[in-house]
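As a plain string of letters, each chain reads:
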Amino acid sequence: MPKRVDHEERRNQIAEALIRVAGRRGLHAVGMRDVAAEAGVSLRLVQYYFETKEKLLFYGLQHLTDRFTARVGARLRAAGTNPGPRATIEALLLASLPTDEEGRTFHLLYSSYSILSVTDEALAAQPFIDNPDAAENALTGLLEQAQASGLIDPGIAARTEAISLLAMTATMGTSILVGQRSPESAIAVLRHHLDRIFSTTETSVSGAGG
């Protein structure tokens, strides 16, 4: 009896190949033939599942987002059963910094998707992410929780601080990628700003910079 094909597993296999080859060469330089070679499958099979490069790129973005969500989850589990808002915010932000190979690949490709969607009409027509404000809303909620617990000044604008932290983390991530600063330096800057926001220092994520 022929082996039953798991189509979702096959799509994920191709998406993983896209992430690997794009992490080495850059998203703009990757074609469907490159992805097929990386995945060890035929070009026809890649075209069967994704038809166009834009559809492949969009699925790759979704797959990359799922991997990032798992990365954040691992950081949060490492922070303990009840880490508190400060340590939770730190875990969320550190997960997006390119302090290791996984983080480097995520930051590089996510930035590349953003840039490509500006100039590629077909990619721009795809919904870039399901909820673009998810991270902003999560950080805002955590800061508001900290305010309710008396950990930060009640007069602080929680959403403005959340936006600032996300923008700063994204910019520092790029500076790490281009060699402007070290991961340790970026983490120190991030923690400096969290110290400024929080009036009571909670325990930082254990080994978060390692």
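Structure: see above.
Below: a short report on this structure. (Residues numbered from 1 in each chain as written. Predicted model: local features only at pLDDT ≥ 70, side-chain atom pairs only at ≥ 80, totals over all residues. Heavy atoms only, no water.)

Throughout the structure, instances matching the rule amount to 1 cavity of 30 Å³ or more. In this structure, the largest cavity occupies an estimated 30 Å³ of space. What lines the largest cavity is simply Leu-64, Arg-67, Phe-68, Arg-71, Glu-102, Thr-105 and Phe-106. Sorting the residues of the lining of the largest cavity by element identifies helix H4 (53-78) and helix H6 (101-119) as the ones contributing at least two each. Sorting elements by how many residues they give to the lining of the largest cavity places H4 first, with 4 residues. Along the lines of polarity and charge, the residues of the lining of the largest cavity split into 3 nonpolar, 1 polar and 3 charged. (1 Å grid on protein atoms, 1.4 Å probe; cavity = no way out; pocket = protein on both sides within 12 Å on 5 of 7 lines; lining within 4 Å. Points joined across faces, edges and corners; volume = space filled by probe spheres on them. Helix = DSSP H or I, 4+ residues; strand = E, 2+ residues; numbered from the N terminus. Nonpolar A, V, L, I, M, F, W, Y, C, P; charged D, E, K, R; others polar.)

Ile-14, Leu-18, Leu-27, Val-35, Val-46, Phe-50 and Leu-56 are the most contacted members of the largest nonpolar core, which totals 29 residues. Aside from chain neighbours lying at most four places away, what touches Ile-14 is Val-35, Ala-39, Val-46, Tyr-49, Phe-50 and Leu-56. One finds Leu-97, Ala-146, Leu-151 and Met-168 within the second-largest nonpolar core, a separate group that totals 23 residues. (Core = buried A, V, L, I, M, F, W, Y, C linked by side-chain atoms within 4.5 Å. Buried < 20%, exposed > 50% of the residue type's maximum accessible area, 1.4 Å probe, protein only. Contact = heavy atoms within 4.5 Å.)

With respect to the helices, strands and loops of the structure, Glu-136 is situated in helix H8 (residues 134-148). For Glu-136, a relative accessible area of 18% corresponds to the buried category. Expressed as a C-alpha distance, the spacing of Glu-136 and Thr-160, which sit 24 residues apart in the sequence, is 9.3 Å. In this structure Glu-136 touches Arg-159, Ala-162, Ile-163 and Leu-166, once residues within four positions along its chain are discounted. A distance of 2.7 Å separates the side chain of Glu-136 from the side chain of Arg-159, its partner in a polar contact. (Polar contact = N/O pair within 3.5 Å; in protein donor to acceptor, adjacent residues only side chain to side chain.)

Note that Arg-86 resides in helix H5 (residues 84-95). Relative accessible area serves as the criterion here: at 2%, Arg-86 is assigned to the buried category. At 2.9 Å, the side chain of Arg-86 forms a polar contact with the side chain of Asp-195.

Turning next to the packing of H8 against helix H9 (residues 158-177). Where H8 contacts H9, the axes come no closer than 8 Å and their chain directions differ by 130°. By the criterion of interaxial angle, the relationship of H8 to H9 is oblique. Note that H8 runs across H9; the crossing there is right-handed. Contacts from Ala-135, Glu-136, Asn-137, Leu-139, Thr-140, Leu-143, Glu-144 and Gln-147 of H8 reach H9 at Ala-158, Arg-159, Glu-161, Ala-162, Ile-163, Leu-165 and Leu-166. Partitioning the contact of H8 with H9 into residue classes produces 8 nonpolar, 3 polar and 4 charged. (Axes fitted to C-alpha atoms, helices over the stretch in contact; angles between N-to-C directions. Parallel < 35°, antiparallel > 145°, perpendicular 65-115°, else oblique. Left-handed = near helix turned anticlockwise from the far one by under 90°.)

Below, the discussion takes up the packing of H5 against helix H10 (residues 183-197). Packing of H5 against H10 leaves a shortest axis separation of 11 Å and a crossing angle of 150°. Here H5 lies roughly antiparallel to H10, going by the angle between them. The chirality of how H5 crosses H10 is right-handed. Facing H5, whose interface residues are Arg-86, Ile-89, Glu-90, Leu-93 and Leu-94, H10 presents Ile-187, Leu-190, Arg-191, Leu-194 and Asp-195. Grouping the amino acids of the contact of H5 with H10 by side-chain chemistry returns 6 nonpolar, no polar and 4 charged.

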